[in-house]
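Residue strings, one per chain:
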Amino acid sequence: MTLESMPQTPTFFSRELLTDPAIPYDERRRLLLEGARAYLEHHRELILKDHRGGASGHQVVGSLTSMFDTLIRNLYRSILADIPREEVGSCALIAIGGYGRGELNPNSDIDIMFYYSGKDQPFAERLSERMLYLLWDLGLEIGYSVRTEKDCLDMAAKDITARTALLDSRLLVGDEELYSQYDRSVFQTVLAQNTRGFIREKMEENDRRLRKYGSSVFLLEPNIKEGEGGLRDLHTALWVARVKFKARSLRELIIKGVINEQEGRAFEDALDYLWRIRNELHFLSNRKNDQVYFDHQEKIAQFLGYVDNRRALAVEQYMQDFYSHATETEHIASSLINKAVQISDPGGKIIGYFTRRSVDDGFYILRGELRATGNDIFEKDPTRIMKAFVLSQRQGVKLSVSLKSLIRDSLPLINDRVRRSKAMNEGFLTILRQPQGMTETLKDMHHLQVLNRFIPEFGRIFCKVQHDAYHIYTVDIHSLFAVEEIAKLWLGVYREKDPLLTKVANDIEKRGLLLLAVLLHDIGKGEGKDHCNKGADMIPTIARRMGRNKEDSARLEFLVRHHLEMSHIAQRRDLHDDKLIMQFAKTMGMSENLNMLYLLTYADLRAVGPDVWSDWKGFLLKELYEKTYQVLERGNFQLEQRSEKVRNRKRKVVDLLEDEFGKRAIQDALKEMSTRYVLSNRSATIAEHLRLLFSRKNGALAMKVEHEPQGRYSQLSISTVDIPGLFSKITGVLAANGINILGAQINTLNNGIAIDVLQVSSASGDIIESDVKWRKVEDDLVSVIQGRVRVDELVNKRHRSSLMPSRPRPKFSNRVEIDNEVSDEYTVIDIYAQDQVGVLYQITKTIKELGLYIGVAKISTKVDQVSDTFYVQDIFGQKVLFKDKLEDLRKRLLAGLDELSPDDK
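What you see as residue numbers is a count from 1 along each chain, following the sequence as written. Totals for whole chains, interfaces and linings use all residues, but because this is a predicted model, local features are given only for residues with pLDDT of at least 70 and pairs of side-chain atoms are given and counted only at 80 or more. The basis for the side-chain values is all heavy atoms of the structure; hydrogens and waters are excluded.

Caption draft 1: Geometry of the overall build of the protein chain. Only runs of H or I of at least four residues qualify as helices and only runs of E of at least two qualify as strands under DSSP, and these elements are numbered from the N terminus. On a plain count of helices and strands, the protein chain comes out with 40 helices and 17 strands. With a 1.4 Å probe rolled over the protein chains alone, any residue whose accessible area is under 20% of its type maximum counts as buried; one over 50% counts as exposed, and the rest are partly exposed. Scored against the burial criterion, the 905 residues of the protein chain give a buried share of 54%. A sequence separation of at least 24 residues applies to 71% of the contacts in the protein chain between residues at least 6 apart. Computed by Shrake-Rupley with a 1.4 Å probe, the accessible areas treat only the displayed protein chains as cover when residues are assessed. Surface accessibility of the protein chain: about 41400 Å² in total, with carbon and sulfur atoms responsible for 47%. Each charge sign in the protein chain was given a centre, from 131 positive and 131 negative side chains, and these centres are 3 Å apart. Contacts: residue pairs with any heavy atoms within 4.5 Å of one another. Counting rule for charge: Lys and Arg are taken as positive, Asp and Glu as negative, and neither His nor the chain ends is counted. The atom standing in for a charge is NZ when the residue is Lys, CZ when it is Arg, CG when it is Asp and CD when it is Glu.

Here is the structure:
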């Protein structure tokens, strides 16, 4: 039913207005626009009310389509009435594309075509011009064309997008006989011609789309139309199937037996779910928008009725369901596409390709696909489900569509008895032990939800979302990507870039055990907070079910429980603190635990997202690994060994610099250095620091910049007289110049000379090579140190210039944690805050104002969140121990961070 026939609808277009030739066109046009605006406003409000009241996606899309159908038909008839009868020609106004399918969302484009016979061009152009100007004056986004039969066929032959749009065409108003002719000569031709070429081009277009918008349905802020698992997947599947099987619609595909009624309902349900969300997205944005950004996710979750609970936020529950639906949508679409393309030319004359080849009881290979000999093979023996994946990996072939469907239908057969069977578990470990094809096989198992049935605990993280900008993928996909990173090490992908990691990976004896740990490291995230311990507590049950012995179970549990510890220590703790290294080595217990945890930590970080892993983090992780490995293999360092090490290192420094500066000057400088500083730096590094120190002479500052192309960072070394808040001034100047700090080593000699070393990059994570930029940094540092310029003025100036709109990110509270146990010499402060201009300066400034001195700083940024650690002492070189002082420290730091971003409080 169109809006024209709806009861109790106000009259916006009277018959006189539409057809009375006595009304001049200019007056009629003005009245038409008034009526059309009132009509659109009235019905949009009704549709929004229905939508918010729970109307389905189909209902809202249908109402919107009917609203515009009625509007366009009335405008067409009014314009036609104003054209002299003798000038009226033959024209059919046809809806094409999404409008042609009857699938309009609140702010969709409206695509129309004025189709005319060749002799009626003046009439068609006059009609289209008046129609379009009316529609544009109404503020509508109109896509239009004015074409003949020849134009349509020529465009369809040249442009697959135009051909696709014509597949979705229907008559709106105009000459019905002309439209019938269009249907016969254009639509039927477009549907029938060059089927193979159309499908090939559509598949290539599909691949390009997924590369652009994200080939994973589990991306952080998905595109509901173009992303995988979105509307375009369904559209593409339907276009390909309609052309292949010469069907006008989904219903006709059912009638022809291409899909059954159940599959048809699943297709319609998938559309309805996506439409309902897209409708809300358009209403929220008040514009055409298909990207589900963070702020939209929270509002859509609320609209759909989700509420926070103990295990997850409302938005996380909604996004988990969204990704689950997207997975199902992708499966529905790919199944339909495969039905259309499975008998296509394989593209190569491979001997044996068309020959049926038996590979195991119940399975054979044909046309490069693994197939089943009968539909009852899994009913007879459910463990053959795992055998199918083993064979797929071993033979290097894909599962056929029919076999995938059979596996999906057989999931209920995987009960507890089947899970515990030797055949299932040995088959699974066989897959894990062979890196070639392992990732693809595990992804198939995940996609078909076999992993969820085989390991029910893994099912708890299926499509599980963490609502932040740091975790790019859902928990299950992140875990699979982490497994893939280990496989890449075994396959030699990182042999040149990460030789140590490649060696450690190749030395692992129990490869299947390591990959189990990687696959299961985050299963606790399905249970809420403290996921490391919750996940570890699940391991004994999983290990027993898989038939693992006590030793393997204990190691799995150990790795899951401690899987965050190594990255935490590497990025946030002082790696030159021998006590810390000893404690970590004691936790590891043996080298095999350390080796596996090193690999798990590496894979975990690399699999989080493209902006999370960095060579700097890799350097820190490697340093912690090597120091801990040395302790485990060689035992504890004795004090005598330390003393001898200091003496040898100082001797080497003298040998390196004696000819340049004289032996006495070097020895005097070395006396001012602490044992910790000497042990923390190699002799060549100490020599470079002394060169910098001596080069300062009577100047305010000496500065040196060295680039590390492999690590994509620059090392900035600064020597000057230590003054209160020096590090705060340095961070302020760097913030004012848009330079990102990755790490910092703060060194103050006994004579009050500072040698501070910082690893830095540009805001985009690249090396800063501009000499002009570095001269500006040096000039600013000198001005600030000499007191000629206030550092907060530089930072504020930068902050004002950076105040530009940015996309919303998930909000989280600033947090300050203080630890007096981890270090014997320092109070350790961990700070978590939203990343923004000047945040590090604000932190260090507050620490200075509290009369504290920073001994060690560890700087870390997780996309939009800083996680910085500071080792501090009071003016007497002692820890901060009094409770009231510690609480004041925490409150002052939080207040400073809130002051920096008042809008987020």
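Caption draft 2: Examining the environment of Gln630 more closely. As for its position among the elements, Gln630 is in helix H31 (residues 615–634). A sequence separation of 121 residues divides Gln630 from Glu509, and the C-alpha atoms of the two residues are 20 Å apart.

Caption draft 3: Quick look at the packing of helix H26 (residues 531–545) against helix H27 (residues 550–561). Look at H26 against H27: their axes get within 8 Å of each other, and the N-to-C directions meet at 165 degrees. As far as their axial angle goes, H27 and H26 are roughly antiparallel. Considering how the two elements wind past one another, H26 and H27 form a crossing that is right-handed. Counted together, Cys532, Asn533, Gly535, Ala536, Asp537, Ile539, Pro540 and Ala543 of H26 and Ser553, Leu556, Glu557, Val560 and Arg561 of H27 form the full contact between these two elements. By residue class, the composition of the contact of H26 with H27 is 7 nonpolar, 3 polar and 3 charged. To obtain an axis, a line is fitted to C-alpha atoms, over the contacting stretch when the element is a helix, and the angle between two such axes runs from 0 to 180 degrees between their N-to-C directions. The scheme is simple: roughly parallel for angles under 35 degrees, roughly antiparallel for over 145, roughly perpendicular for 65 to 115, oblique for anything else. Crossing handedness: left-handed means the near helix sits turned counterclockwise from the far one by under a right angle, and right-handed means the same turn made clockwise. Residue classes follow a fixed rule: Ala, Val, Leu, Ile, Met, Phe, Trp, Tyr, Cys and Pro count as nonpolar, while Asp, Glu, Lys and Arg count as charged, and any other residue, Gly among them, counts as polar.

Caption draft 4: Main features of the sheet that holds strand E7 (residues 369–372). Between any two strands, at least two bridges found by DSSP are needed for them to pair. Reading across the sheet, the 4 strands line up as E5-E6-E7-E8 and stay open at both edges, with mixed pairing between neighbours. In the strand order of this sheet, the two ends are held by strand E5 (357–360) and strand E8 (398–399), each with one partner. Sheet analysis places E5 next to strand E6 (residues 363–366), joined by 3 bridges and oriented antiparallel. By the bridge assignment, Ser358 is partnered in E6 with Tyr364.

Caption draft 5: Spatial organisation of the nonpolar core. For this analysis, a nonpolar core means a set of buried residues of the types Ala, Val, Leu, Ile, Met, Phe, Trp, Tyr and Cys, connected via side-chain atoms within 4.5 Å. Among the nonpolar cores identified, the biggest contains 105 residues, and Ile407 and Phe428 are the most heavily contacted of them. If sequence neighbours within four positions are ignored, Ile407 has contacts with Phe378, Ile385, Ala388, Phe389, Leu399, Leu448 and Val450.

Caption draft 6: Broad picture of the packing of helix H12 (residues 261–285) against helix H13 (residues 294–303). Orientation of H12 relative to H13, taken along the N-to-C sense of each, is 120 degrees, at an axis distance of 10 Å. Classed by the angle they form, the pair H12 and H13 counts as oblique. Our pair here, H12 against H13, has a crossing hand that is right-handed. Only His296, Lys299, Ile300 and Phe303 of H13 make contact with H12, whose side of the interface consists of Arg276, Ile277, Glu280, Leu281, Leu284 and Ser285. Its residues assigned to classes, the contact of H12 with H13 shows 5 nonpolar, 2 polar and 3 charged.

Caption draft 7: How the structure looks around helix H14 (residues 314–341). Between its first and last C-alpha, H14 extends 40 Å over 28 residues, near the 40 Å set by a 1.5 Å rise per residue. Burial runs high along H14: 20 of the 28 residues are buried. Here, expected helix span is obtained from the residue count minus one, scaled by 1.5 Å.

Caption draft 8: The arrangement of the sheet that holds strand E4 (residues 170–174) in detail. The 4 strands are arranged E3-E2-E1-E4 in an open sheet whose pairing can be described as mixed. Lying at the two open borders of the sheet, with one neighbouring strand each, are strand E3 (142–147) and E4. Across the sheet, the axes of successive neighbouring strands diverge by a mean angle of 25 degrees, strand direction being ignored. Sheet analysis places strand E2 (residues 110–116) next to E3, joined by 6 bridges and oriented parallel. Bridge assignment links Ile112 to a residue of E3, and that residue is Tyr144. Where helix H5 (residues 121–137) meets the sheet, its contacts fall on strand E1 (91–95), E2 and E3, and the angle it forms with E2 comes to roughly 160 degrees.

Caption draft 9: Representation of the environment of Glu509 in the model. With respect to the element layout, Glu509 can be found in the loop between helix H24 (499–506) and helix H25 (511–520). When the C-alpha positions of Glu509 and Glu592 are compared, they lie 9.2 Å apart, and in sequence the two are 83 residues distant.

Caption draft 10: Region of the structure containing a nonpolar patch on the surface. A residue counts toward a patch only above 30% relative accessible area and without a salt bridge, and it is joined to like-charged neighbours within 9 Å or, for Val, Leu, Ile, Met, Phe, Trp and Tyr, to nonpolar neighbours within 5 Å. A pairing counts as a salt bridge when a side-chain nitrogen of Lys or Arg comes within 4 Å of a carboxyl oxygen of Asp or Glu. Together, Tyr133, Trp136 and Tyr144 make up an exposed nonpolar region whose accessible area comes to about 330 Å². Mapping Trp136 onto the fold places it in helix H5.

Caption draft 11: A look at the pattern of salt bridges. All chains considered together, the criterion is met by 54 salt bridges. When the shortest N-O distance is used, the salt bridge between Arg170 and Asp69 registers 3.1 Å. Of this pair, Arg170 sits in strand E4 while Asp69 sits in helix H3 (residues 57–82); the two residues are 101 residues apart in sequence, bridging distant segments of the chain. Accessibility assignment for this pair places Arg170 and Asp69 in one class, buried. Salt-bridge contacts for Glu369 lead to Arg371; the nearest nitrogen and oxygen are separated by 2.9 Å. Pair check on accessibility: Glu369 and Arg371 agree, each one buried.

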